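Chain by chain, the residues run as shown.
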Amino acid sequence: MSESNKIGTYKFVAEPFHVDFNGRLTMGVLGNHLLNCAGFHASDRGFGIATLNEDNYTWVLSRLAIELDEMPYQYEDFSVQTWVENVYRLFTDRNFAVINKDGKKIGYARSVWAMINLNTRKPADLLTLHGGSIVDYVCDEPCPIEKPSRIKVTSDQPLATLTAKYSDIDINGHVNSIRYIEHILDLFPIELYKTKRIRRFEMAYVAESYFGDELSFFCDEVNDNEFHVEVKKNSSEVVCRSKVVFE
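Residues numbered from 1 in each chain as written. Predicted model: local features only at pLDDT ≥ 70, side-chain atom pairs only at ≥ 80, totals over all residues. Heavy atoms only, no water.

Draft legend 1. Representation of the overall build of the protein. The number of helices and strands found in the protein is four helices and 10 strands. Counted from the first residue to the last, the protein has its helices and strands arranged as β-α-α-β-β-β-β-β-α-α-β-β-β-β. Its C-alpha atoms give the protein a radius of gyration of 18 Å, near enough to 18 Å, the size a compact globule of 247 residues would have. Along the first, second and third principal axes, the C-alpha set of the protein runs to 50 × 45 × 30 Å. Across the 247 residues of the protein, 50% fall into the buried class. (Helix = DSSP H or I, 4+ residues; strand = E, 2+ residues; numbered from the N terminus. Rg over C-alpha atoms; globule rule 2.2 N^0.38 Å. Buried < 20%, exposed > 50% of the residue type's maximum accessible area, 1.4 Å probe, protein only.)

Draft legend 2. Focus on the nonpolar core. With 61 residues, the main nonpolar core has Met-27, Leu-30, Trp-59, Ile-181, Leu-185, Phe-201 and Met-203 as its most contacted residues. Setting aside anything within four residues of it in sequence, one finds Leu-30 in contact with Leu-25, Ile-66, Leu-68, Met-71 and Val-98. Counting residues in hydrophobic clusters, the runner-up holds seven residues, among them Trp-83, Tyr-108, Cys-139 and Cys-143. (Core = buried A, V, L, I, M, F, W, Y, C linked by side-chain atoms within 4.5 Å. Contact = heavy atoms within 4.5 Å.)

Draft legend 3. Seen up close, the UniProt feature "domain: Acyl-ACP thioesterase-like C-terminal" (unreviewed entry) in the protein. Taken from the UniProt record, the annotation "domain: Acyl-ACP thioesterase-like C-terminal" (unreviewed entry) applies to residues 160-226. This span, residues 160-226, is 22% helix and 34% strand, and a straight line between its end C-alpha atoms measures 18 Å. (UniProt positions renumbered as here; feature names shortened; annotations may be inferred.)

Draft legend 4. Structural view of the pairing of strand 2 (residues 57-68). Among the 12 residues in strand 2, nine count as buried, and that is most of the element. In terms of strand pairing, strand 2 meets strand 5 (residues 105-117) through 11 bridges, oriented antiparallel. Looking across to strand 5, one finds that Glu-67 is bridged to Tyr-108. Of the strand pairs in this sheet, strand 2 and strand 7 (residues 198-205) are connected by five bridges, and their pairing is antiparallel. Note that in strand 7 the partner of Ala-65 across the bridge is Glu-202. (Pairing = 2+ DSSP bridges.)

Draft legend 5. Fine view of unusual backbone geometry. In this model, Arg-121 sits at a positive phi of 65°, which is unusual for a non-glycine residue. If you trace the backbone, Arg-121 turns up in the loop between strand 5 and strand 6 (160-163). Even without a glycine there, the phi angle at Ser-235 is positive, about 70°. Of note, Ser-235 is situated in the loop between strand 9 (226-233) and strand 10 (237-246).

Draft legend 6. Broad picture of the pattern of salt bridges. One pass over the full model with this rule turns up 16 salt bridges. Across the salt bridge formed by Asp-168 and Arg-179, the nearest N and O atoms sit 2.9 Å from each other. Of the two residues, Asp-168 is situated in the loop between strand 6 and helix 3 (177-185) and Arg-179 in helix 3; the sequence distance between them amounts to 11 residues. Overall, the relative accessible area of 22% leaves Arg-179 in the partly exposed class. As a salt-bridge pair, Glu-230 and Arg-241 come within 2.8 Å of each other at their nearest N and O atoms. Here Glu-230, found in strand 9, pairs with Arg-241, found in strand 10; they are 11 residues apart in sequence, far enough to count as distant. By relative accessible area, Glu-230 is classed as buried at 7%. On the basis of relative accessibility, which here comes to 25%, the residue Arg-241 falls in the partly exposed class. (Salt bridge = Lys/Arg side-chain N within 4 Å of Asp/Glu carboxyl O.)

Draft legend 7. Spotlight on helix 1 (residues 27-44). For helix 1, spanning 18 residues, the distance from its first C-alpha to its last is 26 Å, which sits close to the expected 26 Å at 1.5 Å a residue. Every buried residue belonging to helix 1 is among Met-27, Gly-28, Val-29, Leu-30, Gly-31, His-33, Leu-34, Leu-35, Cys-37, Ala-38, His-41 and Ala-42, and all of these are buried. At the C-terminal side of helix 1, Gly-46 shows a positive phi close to 85°. (Expected span 1.5 Å × (residues − 1).)

Draft legend 8. Main features of the side chain of Glu-202. Position of Glu-202 relative to the elements: it lies in strand 7. Look at Glu-202 and you get buried, because its relative accessible area is 2%. Looking at Glu-202, its side chain comes within polar contact range of the side chain of Arg-200, at 2.8 Å. (Polar contact = N/O pair within 3.5 Å; in protein donor to acceptor, adjacent residues only side chain to side chain.)

Draft legend 9. Structural context of the environment of Phe-78. Locating Phe-78 in the fold gives a position in strand 3 (residues 77-87). A sequence separation of 113 residues divides Phe-78 from Glu-191, and the C-alpha atoms of the two residues are 28 Å apart. Phe-78 has contacts with Tyr-10, Lys-11, Phe-12, Val-13, Ala-14, Leu-25, His-33, Pro-72, Val-98, Ile-99 and Asn-100, leaving out every residue within four places of it along the chain.

Okay, structure coming up:
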């Protein structure tokens, strides 16, 4: 299989209801597009959610890192490319490129996924699924951004708390991975978004949370432009961690 056939390309438009007050696509919507592209690409190759669900398996996002030179603006046509970089026994690395209407790559993303058994919630062995054929889609397309880093938060005083509600819950019955992104970015004052933009954004997902859970957000300001955030549920268990770098 040629390298080009291993890459999926999907087209989008930055709709007016997908942009912020600056007229740029929001990070939450971009995250949704990336996850959709991962789903399209996997489905086209026989590893989609619907197929996996028949055997009681599903994909779970573990880590996500996005780095952007710019964000698509309102009504702009853009596309997202995605490909599999590595397959290990319990995890797979999937990368993305964001391409503007002129064909210029304006950003990249890296993600790490696990496949879990829906009954046991334990990871599946990717190298035995479908006879290990998932490795046939590994592609050496470059992705010139750093891999997701280890994020540590020391603050013990929550910056904000909220209760997980209806709009937070996805089809799997837990808080949607993109909703954490939106809640985390809501921690920062709008004045910051008027003068700076997000250069790099990372998420590390640790545990699931559910309707009615109280989510507490802890934040360390590492320097003027970098913040580390930790989300806990019900004052104890860590749900996810994030790094936000502005410029």
